[in-house]
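Fold and contact review
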2 protein chains.
Amino acid sequence: MKIDLTFTSSSFDELQLRDKNIVVIDVLRASTTVTVALANGAREIIPVGSIESAVKISGSLFGEVTLRGGERNGRIIEGFNLGNSPLEYGEATVRGKSIIFCTTNGSVAMTKSRYARSLVIGSFVNLGTVVKFMEEKNEDFLLLCAGRLNTIGQFSLEDAVCAGMMVQRLEAGGNAKVELTDASRAALALYKAHGRSILKLLKNCEHGEYLAEIGFESDLKLCADVDTVPVLPMLSGTVIKLRRDEQRPENADPTAAGRTSGV
Amino acid sequence: MKIDLTFTSSSFDELQLRDKNIVVIDVLRASTTVTVALANGAREIIPVGSIESAVKISGSLFGEVTLRGGERNGRIIEGFNLGNSPLEYGEATVRGKSIIFCTTNGSVAMTKSRYARSLVIGSFVNLGTVVKFMEEKNEDFLLLCAGRLNTIGQFSLEDAVCAGMMVQRLEAGGNAKVELTDASRAALALYKAHGRSILKLLKNCEHGEYLAEIGFESDLKLCADVDTVPVLPMLSGTVIKLRRDEQRPENADPTAAGRTSGV
């Protein structure tokens, strides 16, 4: 299996991503938030590329089963129910709900990947589950780091290191012959350089520093906790749901959500 | 001085690069070739973004003082005088000539940077000269890795490592307070991981492997030789020339070009 990688998603259009197996990585915070929300019983995430799309879509849905979540500049969007902090997506809030989700980078990357052969959402909190899925599938993958828009660099160190940790686990697993590209080799080297303390990485990277500044430092700790939310968010039609074998029935005991319950 | 960096140039337009101090890095091979050509007495390099532009511009120039150089898929463009191998740009060929230069990534990045505050061309062969210029200028810089078009990754390990080596030299020099971004920190980590043997890096990176396959393995050795062509190609109006204090008079002794003569 060949593992390719891109450090930014902004320059790609849907057709370039068509028919690929894609892992969308936006550690701070879209990937983590989607993973937590679904683990806490959200029915589905509907990613959209713009606020306009979010408003348009939510107009045709029933208010009591639909929430609008997302951010601009890290803060909740006016008129939305939720921001982009995974801590806001606790079970009491999201259980059984459809969530229209609009963020600057992550939801855009998810939307662009709508014609992918397969699309899963990856972060540190569900890293092992993503790697297991890749090993089982045993096909070529593209690790799509969301990166950042509105800056010339468009590179996010935390996404690159997370992708590199996936590459390291795949190589260490030895279940598949892993072929790397320049970009996935680079990510692996970045994981080796910065992966010793993920929390320290998140505190020192540009976007982590910004989030701490605007009051979301507690998000960093949650986002840094490797393998604490072992579920697999996956594109199904135009929405993101847990992989079928992981979905809980609507009337399951809420306490069964395990340690991710109520975060 | 803040050192920002981008791993690919394809997603930027001219206005985003306006008023910045830019180092264009395309190790294999545009940056190296421009540096060698000017060191060997070429009068100027005229970078263009497309073959159409090259043909249009050369129609209005005198044939005997103008050459067309460049590549598509690594090979010379039909009707051009030279390809993109620095070995073709020896003194006997280029001395006193204006060279219209069209490559897939490097010349496009140079063209996009036409409204920069300053633009210099960086590669391993002139790395120390570029770093000295940055230290003297002591302003913010953007290291613009050309990357690759026509592939989804668009990331070139050799450009990233070259940029990282510049960052390392700037930090080691201690002449200026260097502030890094996520991207320039990542490049530094990549230099530390892959910089022990530049030649090995160039032989093992994707584009280096491709160039060796199509017969340009000898270019890799030249491109890997750190600080062997200590000159500074610099944007001057719409053309690239040596920094003024480095320009040799037209009738200088050809043998004075030193070890870069006749490569």
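What counts and what doesn't
- Residues numbered from 1 in each chain as written.
- Chains lettered and ligands numbered in written order.
- Predicted model: local features only at pLDDT ≥ 70, side-chain atom pairs only at ≥ 80, totals over all residues.
- Helix = DSSP H or I, 4+ residues; strand = E, 2+ residues; numbered from the N terminus.
- Rg over C-alpha atoms; globule rule 2.2 N^0.38 Å.
- Buried ≥ 20, exposed ≤ 12 C-beta atoms within 10 Å, placed from the backbone.
- Contact = placed C-beta atoms within 7 Å.
- Least-squares fit on C-alpha atoms with pLDDT ≥ 70 in both.
- Nonpolar A, V, L, I, M, F, W, Y, C, P; charged D, E, K, R; others polar.
- Expected span 1.5 Å × (residues − 1).
- Pairing = 2+ DSSP bridges.
- Core = buried A, V, L, I, M, F, W, Y, C linked by C-beta atoms within 7 Å.
- Axes fitted to C-alpha atoms, helices over the stretch in contact; angles between N-to-C directions.
- Parallel < 35°, antiparallel > 145°, perpendicular 65-115°, else oblique.
- pLDDT = per-residue confidence, 0-100.

We now examine the overall build of chain A. Counting its regular elements, chain A contains 11 helices and 11 strands. On C-alpha atoms alone, chain A measures out to a radius of gyration of 17 Å, which is about the 18 Å that the 2.2 N^0.38 rule sets for 263 residues. If you line up chain A on its principal axes, its C-alpha atoms span 45 × 40 × 35 Å. Residues classed as buried in chain A amount to 54% of the 263 residues present. At a minimum sequence separation of 6, the contacts of chain A that also span at least 24 residues come to 80%.

Structurally, the α-helix is built with 3.6 residues per turn, so residues lying three or four positions apart point the same way. All names here are of chain B. Among the residues of helix H6 (residues 127-137), Leu127, Thr129, Val130, Val131 and Met134 are the ones counted as buried. Next to the buried residues of H6 lie strand S2 (21-25), strand S7 (118-122), strand S8 (141-145) and helix H7 (157-173). Taken from the residues just after H6, Asn138 is the one with a positive phi, measuring 55 degrees.

Attention now goes to the relation of the copies chain A and chain B. Note on the chain copies: they are related by a rotation about an axis and a translation along it. For the pair chain A and chain B, the best superposition has an RMSD of 0.0 Å and corresponds to a rotation of 180 degrees with a translation of 0.0 Å parallel to the axis. Within this description, the copies of the chain are treated as partners about a two-fold rotation axis. If distances are taken from each C-alpha of chain A to the rotation axis, the shortest is found for Ser11 of chain A, at 2.8 Å. Here 100% of the interface residues in chain A have copies in chain B that are interface residues too; the copies meet face to matching face.

Glancing now at the environment of Asn21 of chain A. Summarising the element assignment, Asn21 of chain A is placed in strand S2 (residues 21-25). Setting aside its immediate chain neighbours within four residues, Asn21 of chain A contacts Ala116, Arg117, Ser118, Lys137, Glu139, Asp140, Phe141 and Leu142 of chain A.

Taken together, the contact pairs 28 residues of chain A with 28 residues of chain B. At the level of secondary structure, the elements contributing two or more residues to the side of chain A that touches chain B comprise strand S1 (2-6), helix H7 (157-173) and helix H8 (182-194) of chain A. For the side of chain A that touches chain B, the class distribution of residues is 14 nonpolar, 9 polar and 5 charged.

Our focus in this paragraph is H8 of chain A. Residues and elements named next belong to chain A. The end-to-end C-alpha distance of H8, which contains 13 residues, comes to 18 Å, matching closely the 18 Å that a straight helix rising 1.5 Å per residue would cover. With 11 of 13 residues buried, H8 lies mostly within the body of the structure. Within the sequence span of H8, burial applies to Asp182, Ala183, Ser184, Arg185, Ala186, Ala187, Leu188, Ala189, Leu190, Tyr191 and His194.

Our focus in this paragraph is the environment of Val239 of chain A. All names here are of chain A. Inspection of the secondary structure puts Val239 in strand S11 (residues 239-242). According to the C-beta neighbour criterion, Val239 is partly exposed, with 16 such atoms within 10 Å. Each C-alpha atom of the pair Val239 and Lys137 lies 21 Å from the other, and the pair is 102 residues apart in sequence.

Residue and element names in this part refer to chain B. With 5 of 7 residues buried, strand S4 (residues 66-72) lies mostly within the body of the structure. Taken together, the 5 bridges between S4 and strand S6 (residues 98-102) define a ladder with parallel strand orientation. Across the sheet, Leu67 pairs through a bridge with Ile99, a residue of S6. Between S4 and strand S5 (residues 75-76), which pair antiparallel in sequence order, lie 2 residues; one of them, Asn73, sits at a positive phi of approximately 55 degrees.

The next subject is the nonpolar core. Ranked by size, the top nonpolar core spans 166 residues in total, and within it Leu143 of chain A together with Leu143 of chain B carry the most contacts. In this view, Leu143 of chain B contacts Ile3, Leu5, Val23, Ile25, Ala163, Met166 and Ser184 of chain B; residues no more than four positions away in its chain are not counted.

For the rest of this paragraph, the subject is the packing of H8 of chain A against helix H8 (residues 182-194) of chain B. Orientation of H8 of chain A relative to H8 of chain B, taken along the N-to-C sense of each, is 95 degrees, at an axis distance of 9 Å. One way to sum up the angle between H8 of chain A and H8 of chain B is to call them roughly perpendicular. Here Ala186, Ala189, Leu190, Lys192, Ala193 and His194 of chain A of H8 of chain A come into contact with H8 of chain B, specifically with Ala186, Ala189, Leu190, Lys192, Ala193 and His194 of chain B. Looking at the contact of H8 of chain A with H8 of chain B residue by residue, the class counts come to 8 nonpolar, 2 polar and 2 charged.

Glancing now at the pairing of S2 of chain A. All names here are of chain A. A large share of S2 lies buried, amounting to 4 of its 5 residues. The pairing of S2 with strand S8 (residues 141-145) spans 4 bridges and is classified as parallel. Looking at S8, one finds that Ile22 is bridged to Leu142.

Attention now moves to the packing of H7 of chain B against H8 of chain B. Residue and element names in this part refer to chain B. At a closest axis distance of 7 Å, the pairing of H7 and H8 adopts a crossing angle of 100 degrees. As summarised for this structure, H7 and H8 are arranged roughly perpendicular, according to the angle between their axes. Here Leu157, Ala160, Val161, Ala163, Gly164, Met165, Val167 and Gln168 of H7 lie close against H8, whose contacting residues are Ser184, Ala187, Leu188, Leu190, Tyr191 and His194. Looking at the contact of H7 with H8 residue by residue, the class counts come to 10 nonpolar, 4 polar and no charged.

All names here are of chain A. In this model, chain A carries a mean pLDDT of 91, and residues with pLDDT of at least 70 account for 91%. Considering only residues more than four positions removed or in separate chains, one finds that residues 253-263, a stretch of pLDDT under 50, has 24 contacts. Overall fold confidence (pTM) sits at 0.90, and the ipTM for the predicted complex is 0.87.

Cis geometry is adopted by the peptide bond preceding Arg29 of chain A, which originates at Leu28 of chain A and carries an omega value of 0 degrees. Backbone geometry at Asp227 of chain A places phi at a positive 65 degrees, although glycine is not the residue there. Inspection of the secondary structure puts Asp227 of chain A in the loop between helix H11 (217-224) and strand S10 (233-236). The exposure class assigned to Asp227 of chain A is exposed, which follows from the 12 C-beta atoms found within 10 Å. For Asn73 of chain B, which is not a glycine, the phi torsion comes out positive at approximately 55 degrees. Note on placement: Asn73 of chain B falls in the loop between S4 and S5. We classify Asn73 of chain B as exposed; it has 9 C-beta atoms within 10 Å.

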